[in-house]
Amino acid sequence: MSSSSRGPGAGARRRRTRCRRCRACVRTECGDCHFCRDMKKFGGPGRMKQSCLLRQCTAPVLPHTAVCLLCGEAGKEDTVEGEEEKFGLSLMECTICNEIVHPGCLKMGKAEGVINAEIPNCWECPRCTQEGRTSKKPKPPLASAEGPAVPSPSPQREKLERFKRMCQLLERVPDTSSSSSDSDSDSDSSGTSLSEDEAPGEARNGRRPARGSSGEKENRGGRRAVRPGSGGPLLSWPLGPAPPPRPPQLERHVVRPPPRSPEPDTLPLAAGSDHPLPRAAWLRVFQHLGPRELCICMRVCRTWSRWCYDKRLWPRMDLSRRKSLTPPMLSGVVRRQPRALDLSWTGVSKKQLMWLLNRLQGLQELVLSGCSWLSVSALGSAPLPALRLLDLRWIEDVKDSQLRELLLPPPDTKPGQTESRGRLQGVAELRLAGLELTDASLRLLLRHAPQLSALDLSHCAHVGDPSVHLLTAPTSPLRETLVHLNLAGCHRLTDHCLPLFRRCPRLRRLDLRSCRQLSPEACARLAAAGPPGPFRCPEEKLLLKDS
């Protein structure tokens with residue numbers, strides 16, 4: 001019977017788990033080795049998925065799901081007291097055939113198998129021993145003139161020691177750029193490969209190398225690195241103190257305009273001639289196509305693909321309601337340079353939004369409704385000189401302090417710059433529906449966004465009669481510029497605020513729908529009197545004026 005057909009305990013080697021009792025298992029992470037620096041809790045990317053170098057278990061045990069291949073039961077050595085009985089009921093894994101069995105189920109004595117004393121529950125089973133199979137050719141013991149021969153360690157122990165030596169060399173040996181350092185590192189690596197299988201204090205063939213007795217060499221940096229093949233002792237465990245961690249390097253993005261390569265003016269044909277229509281005529285045809293048709297045209301040929309990237313063909317890009325934005329999607333947006341970008345109800349991150357805004361200097365309309373404030377906070381550090389419309393409706397967890405960061409001028413102005421303009425100085429339309437705006441936020445809005453002609457404050461729970469008084473006060477800049485005002489769903493508004501809207505002579509649209517405390521009769525009187533001319537009411541509490 002082959003090992004692959006005898007059950008789950010044969011064939012593949014079972015992965016062992018921590019013993020949770022040795023000195024390495026009970027200690028904490030050092031935070032300095034390259035595995036700790038890779039962990040997310042220490043600020044790394046978390047790609048290696050390896051434990052700390054100082055927490056490498058020296059006696060890994062079988063998993064709790066391991067059972068005997070013959071009887072199908074787990075280890076029962078805890079139920080008896082005798083040494084021989086415990087051995088017969090304990091699970092043993094063979095290092096050659098990887099079978100996990102009870103020695104008592106084999107009906108063989110303990111002396112017929114070769115037990116590995118370094119790793120628990122590990123042996124060479126009697127069947128493999130009788131057949132003469134071994135996991136590795138035995139090495140001759142290293143003879144010493146002063147004492148008896150030193151037995152060769154097990155393959156698992158050799159692998160663990162080599163791993164420790166390699167990690168120690170990575171932590172201690174500095175990187176240099178001179179040719180002498182390169183030659184030294186080459187000699188070090190050759191010495192490491194020659195001395196991996198040597199015992200402590202001994203060299204291959206029982207001879208020491210011809211170099212100095214100290215076995216150390218002074219590097220240019222002033223530190224000493226132990227040569228593994230120089231006759232010195234092997235690197236001890238646990239590892240010595242690692243150098244202090246490097247300070248985190250912040251990512252730097254160089255803002256450059258999109259590459260502008262000369263476009264071909266004509267379309268080359270397969271026969272070698274050019275198409276009679278020039279590029280300008282083709283672009284006029286492409287302007288009548290939608291985004292889907294343009295993407296199909298980009299697959300026709302390379303020339304059409306370059307022509308279809310023209311920003312005149314992409315005045316608006318809609319990426320709304322997408323769960324995630326991939327890097328190719330962001331690169332495609334930057335390459336097309338749209339004037340209007342819709343990212344509403346998407347999972348865009350702050351880093352992605354900052355990357356986009358720094359490369360879309362001609363962006364005029366930005367829709368971020370339904371996104372998180374953690375992402376929208378990227379607006380506080382991105383210059384948007386051409387922005388005219390900003391949609392921030394239904395953003396979660398927005399407070400007065402966060403709106404202050406968005407409205408106030410940037411604190412890091414250049415030396416010699418005396419102008420302190422806010423980030424929303426040129427915005428003409430602002431949508432803030434569903435936010436927790438207070439009168440303090442409205443005062444900042446009046447001061448740092450003086451050119452607003454359309455303002456959406458619908459469903460803002462804190463907007464009431466004092467807020468309308470602020471918007472229409474004689475010192476308010478919006479009194480002369482406001483054209484569209486949406487206050488639908490503001491339940492704190494009463495009939496006393498309606499005469500205040502007569503102060504706005506340019507008001508053309510006033511939405512007061514779903515305001516519970518406003519009576520239809522008072523809205524009808526305002527529509528009849530109105531600012532300079534009367535309003536018409538196509539719906540209840542909706543006042544419109546023809547321009």
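Conventions we followed
- Residues numbered from 1 in each chain as written.
- Predicted model: local features only at pLDDT ≥ 70, side-chain atom pairs only at ≥ 80, totals over all residues.
- Heavy atoms only, no water.
- Helix = DSSP H or I, 4+ residues; strand = E, 2+ residues; numbered from the N terminus.
- Buried < 20%, exposed > 50% of the residue type's maximum accessible area, 1.4 Å probe, protein only.
- Contact = heavy atoms within 4.5 Å.
- Areas by Shrake-Rupley, 256 points an atom, 1.4 Å probe, with all protein chains shown as cover.
- Core = buried A, V, L, I, M, F, W, Y, C linked by side-chain atoms within 4.5 Å.
- Domains from an automatic or database assignment.
- Pairing = 2+ DSSP bridges.
- Arc of directions from axis to C-beta.
- Phe/Tyr/Trp six-rings, centres within 6.5 Å; stacked < 30°, edge-to-face > 60°.
- Lys NZ or Arg CZ within 6 Å of the ring centre and 35° of its normal.
- Axes fitted to C-alpha atoms, helices over the stretch in contact; angles between N-to-C directions.
- Parallel < 35°, antiparallel > 145°, perpendicular 65-115°, else oblique.
- Left-handed = near helix turned anticlockwise from the far one by under 90°.
- Nonpolar A, V, L, I, M, F, W, Y, C, P; charged D, E, K, R; others polar.
- Patch = residues over 30% accessible without salt bridge, like charges linked within 9 Å, V, L, I, M, F, W, Y side chains within 5 Å.
- Salt bridge = Lys/Arg side-chain N within 4 Å of Asp/Glu carboxyl O.
- Lys, Arg positive; Asp, Glu negative; His and termini not counted.
- Charge placed at Lys NZ, Arg CZ, Asp CG, Glu CD.
- pLDDT = per-residue confidence, 0-100.
- Disulfide = S-S within 2.5 Å.

Just give me the short version of the overall build of the chain, but keep the residues and values in it.
The number of helices and strands found in the chain is 17 helices and 16 strands. Residue burial in the chain is summarised as follows: out of 547 residues, 38% are buried. Put simply, of all contacts in the chain between residues at least 6 apart along the chain, 63% involve residues at least 24 apart. Of the roughly 32,600 Å² that the chain leaves accessible, carbon and sulfur atoms contribute 52%.

Give me the environment of Thr 95: which residues, what numbers.
Relative to the helices and strands, Thr 95 is located in the loop between strand E1 (92-94) and strand E2 (100-101). In this structure the C-alpha to C-alpha distance between Thr 95 and Glu 124, which are 29 residues apart in sequence, comes to 5.8 Å.

Just give me the short version of the nonpolar core, but keep the residues and values in it.
With 84 residues, the main nonpolar core has Phe 286, Leu 379, Leu 455, Leu 487 and Phe 501 as its most contacted residues. Split by domain, this core shows at least three residues from each of two domains, domain 2 (277-312) and domain 3 (317-409 + 423-544). Not counting residues up to four positions away in its chain, the partners in contact with Leu 379 are Leu 357, Leu 366, Leu 368, Leu 384, Leu 390, Leu 392, Leu 406 and Arg 423.

Quick one: what's the story with the sheet that holds E1, residue by residue and with numbers?
Strand pairing in a sheet relies on backbone hydrogen bonds. The paired strands run either parallel or antiparallel. Taken together, 4 strands build an open sheet; the order of strands is E2-E1-E4-E3 and the sheet is mixed. Edge positions in the sheet fall to E2 and strand E3 (114-115), since each has one partner strand and no second. In this sheet, strand E4 (residues 122-124) lies alongside E3 in antiparallel orientation, the contact comprising 2 bridges. Counterpart to Val 114 in the pairing with E4 is Glu 124.

Can you tell me about the pairing of strand E15 (residues 536-539), naming the residues and giving the values?
Relative to strand E16 (residues 542-544), E15 runs antiparallel, the two sharing 2 bridges. Opposite Arg 536, over in E16, you have Leu 544 as the bridge partner. The turn linking E15 back onto E16 is made up of 2 residues, and Lys 541 within it adopts a positive phi angle of 65 degrees.

Go over helix H11 (residues 350-357) with me, naming the residues and quoting the values.
Within H11, burial applies to Gln 352, Leu 353, Leu 356 and Leu 357. Axial view of H11: buried residues confined to an arc of 125 degrees, hence all on one face. Along its buried surface, H11 packs onto helix H10 (327-336), strand E8 (340-342), strand E9 (365-367) and helix H12 (373-376).

Help me get a handle on the packing of aromatic side chains, residues and values and all.
Counted under the stated rule, the structure contains 4 aromatic pairs. With centroids separated by 5.3 Å and ring planes inclined at 80 degrees, the aromatic side chains of Phe 286 and Trp 304 adopt a geometry described as edge-to-face. Linking Phe 286 in helix H7 (residues 279-286) with Trp 304 in helix H9 (residues 302-307), this pair joins segments that are 18 residues apart in sequence. Residue classification places Trp 304 among the buried residues on the basis of a relative accessible area of 15%. A network of ring pairs unites the aromatic residues Trp 282, Phe 286 and Trp 304 as a single cluster. Above the ring of Tyr 309, the side-chain terminus of Arg 335 is found at 3.8 Å from the ring centroid. Between Lys 545 and the ring centre of Phe 535, over which it is positioned, the NZ or CZ distance is 5.0 Å.

Mind laying out the environment of Thr 481, listing which residues take part and the relevant values?
You can see Thr 481 is positioned in helix H16 (residues 478-481). Put simply, Thr 481 and Arg 506 are 25 residues apart on the chain and 6.8 Å apart in space, counted from C-alpha to C-alpha. Residues in contact with Thr 481, not counting those within four places in the same chain, are Pro 450, Leu 452, Ser 453 and Arg 506.

Please set out the packing of H10 against H11 residue by residue, giving values where relevant.
Direction vectors running N to C along H10 and H11 enclose 20 degrees, while the axes themselves pass 10 Å from each other. In terms of their interaxial angle, H10 and H11 are classed as roughly parallel. You can see that H10 and H11 cross each other, and the crossing is right-handed. Together, Leu 330, Ser 331, Val 333 and Val 334 of H10 and Gln 352, Trp 355 and Leu 356 of H11 make up the contact between the two elements. When grouped by side-chain class, the residues that make up the contact of H10 with H11 number 5 nonpolar, 2 polar and no charged.

Can you lay out a negative patch on the surface for me, pointing to particular residues and giving the numbers?
Together, Glu 81, Glu 83, Glu 84 and Glu 85 make up a region of like negative charge exposed at the surface. Checked against the element boundaries, Glu 84 lands in helix H3 (residues 83-89).

If you had to explain the pattern of salt bridges to someone new, which residues and values would you point to?
The full count for this structure, using the stated rule, is 15 salt bridges. The residue Glu 365 makes a salt bridge to Arg 316 at a minimum N-O spacing of 3.7 Å. Placement of the pair is Glu 365 in strand E9 and Arg 316 in strand E7 (residues 316-318), with a sequence separation of 49 residues. As a salt-bridge pair, Arg 536 and Asp 546 come within 3.1 Å of each other at their nearest N and O atoms. Placement of the pair is Arg 536 in strand E15 and Asp 546 in the segment after E16, with a sequence separation of 10 residues. Residues joined by salt bridges that share partners form a network here, namely Asp 391, Arg 393, Glu 429 and Arg 431.

So, the confidence of the model for the chain: which residues are in play, and what are the values?
Within the chain, residue pLDDT values average 78, and 73% of them lie at 70 or more. In the model, residues 137-150 has pLDDT below 50 throughout and makes 9 contacts with residues more than four positions away in sequence or in other chains. Every residue in residues 173-236 is under pLDDT 50, and counting partners more than four places away or in other chains gives 61 contacts.

Go over the state of the cysteines, please, and point to the residues and values.
Evaluated as defined, the whole model comprises 0 disulfides. Unpaired in terms of disulfides, Cys 295 finds its nearest cysteine sulfur in Cys 308, a separation of 8.5 Å. The exposure class of Cys 295 is partly exposed, given its relative accessible area of 35%.

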